[in-house]
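# Coordinate analysis (summary)
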Amino acid sequence: MTISPTATAVAPQVLLGNHLKALKLPTFWREYEKVAMESAQDRADYPRYLLRLCELERIDRDRRNVERRIRMARFPQTKSLDTFDFTAQPSLNKALVLELARCEWIEKRHNCIALGPSGTGKTHTALALGLAACQKGYSVAFTTAAALVHELMEARDERRLRALQKHLNTVKLLIVDELGYVPFTAVGSELLFEVFSQRYERGATLVTSNLPFDEWTSVFGSERLTGALLDRLTHHVHILEMNGESFRLTASKKAQRRPAQATNASQKTPTEGDADIKT
Ligand code: ADP
Ligand code: MG
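Rules of the game
Position numbers for residues count from 1 along each chain, tracking the sequence in the order it is written. Starting at A for chains and at 1 for ligands, labels are handed out in the order in which the entities are written. Selection of residues for local features in this predicted model requires a pLDDT of at least 70, selection of side-chain atom pairs for listing and counting requires 80 or more, and totals for whole chains, interfaces and linings are taken over all residues. Only hydrogens and water are removed before side-chain values are computed, so all heavy atoms of the structure are retained for them. When we say a residue is near a molecule or strand, we mean one of its heavy atoms is within 4 Å of it. Computed with a 1.4 Å probe, the accessible areas rest on the Shrake-Rupley method; for each residue, only the protein chains presented here act as cover. Under the DSSP-based scheme used, a helix requires at least four consecutive residues in state H or I and a strand at least two consecutive residues in state E, with every element numbered from the N terminus. Asp, Glu, Lys and Arg are counted as charged, while Ala, Val, Leu, Ile, Met, Phe, Trp, Tyr, Cys and Pro are counted as nonpolar; the rest, among them Gly, fall into the polar class. Expected span, for any helix, means 1.5 Å times one less than how many residues it has. Working definition: with a 1.4 Å probe on protein chains only, accessible area under 20% of the residue-type maximum means buried, over 50% means exposed, and in between means partly exposed. Residues count as neighbours in contact if any of their non-hydrogen atoms are within 4.5 Å of one another.

## Some words on the site of ligand 1
- What surrounds ligand 1 is a group of 15 residues, the closest being Lys-79, Asp-85, Gly-119, Thr-123 and His-124.
- Coverage of ligand 1 by the protein amounts to 85% of the 550 Å² it exposes when considered alone.
- Every element with two or more residues in the shell around ligand 1 is listed here: α6 (122-135) and α12 (247-256).
- Broken down by element, the residue count for the shell around ligand 1 peaks at three residues, all from α6.
- The residue inventory of the shell around ligand 1, partitioned by class, reads four nonpolar, seven polar and four charged.

Here is the structure:
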């Protein structure tokens, strides 16, 4: 932009506002007067005054970026590891989860697979690791396997599959929740396979499933395709095993103070049932 000679006729605050807006420095604009007064009181010189404004702008920008990444990730809820009770899920490797929350595996483009029955905290853990990734500066996309397959099929029908695949390839961490509840058609399986295949060694993928690996064929239909998919997904992988009791079930049992008549009660061991749950 060129600064016109008439610019001098305009109040400097107005011009400053325009320039800071054009330079995308909203915190400078919001804070410059207040910080100027504080700096005058503290007898801070001009470089220190500018430094204070720069620091405020960077802090605010980091916060805005984290918020933007969280919005873009489309998490169905916000969950963090702070609210995860590891004592309620003794089968889960806490040290590994904390290590994964540091996000080095995302940088290395490794994968993570959380396996276990319903209610054992797979989605909670996936959401928490997704949130940690957003906070550390990585772009994240959260979806369920069924929704992703639906979206891929829809994009294919509307001739915008390439664009969707490109988006799914560029995101640093793709979280695919709930693989295993809904079996896919042959086309759906192939489209999902392509997503995992294209991300192989290019981006980190986190999958949660209620099914052990040897039952994944029942979801994908083809044994050959499942084999090829597992081959890629498990090459550089961190496995989170969650074989304890359902958190929901235990919580409702405690609330009711009587044994729940659950259909999967036979799967539980007595020690798992004794886990101390914080509600
Ligand atoms: P899954 O995905 O394995 O079916 P979820 O992660 O959806 O299970 O967990 C079910 C509910 O129980 C969620 O509200 C989740 O936050 C909570 N939950 C599960 N495990 C824990 C845990 N160990 N500590 C705290 N909350 C938990
Ligand atoms: Mg879940």
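Having seen the structure, we can now continue with the description.
## A look at helix α3 (residues 46-73)
- If you check α3, its first and last C-alpha atoms are 40 Å apart, about what 28 residues at 1.5 Å a residue would give, namely 40 Å.
- Listing the buried residues of α3 in full gives Tyr-49, Leu-53, Glu-57, Asp-60, Val-66, Arg-69 and Ala-73.
- Looking at the packing, one finds that the buried side of α3 touches α2 (26-41), α6 and β2 (140-144).
- Once α3 finishes, Arg-74 follows within two positions and takes phi at roughly 55 degrees, a positive value.

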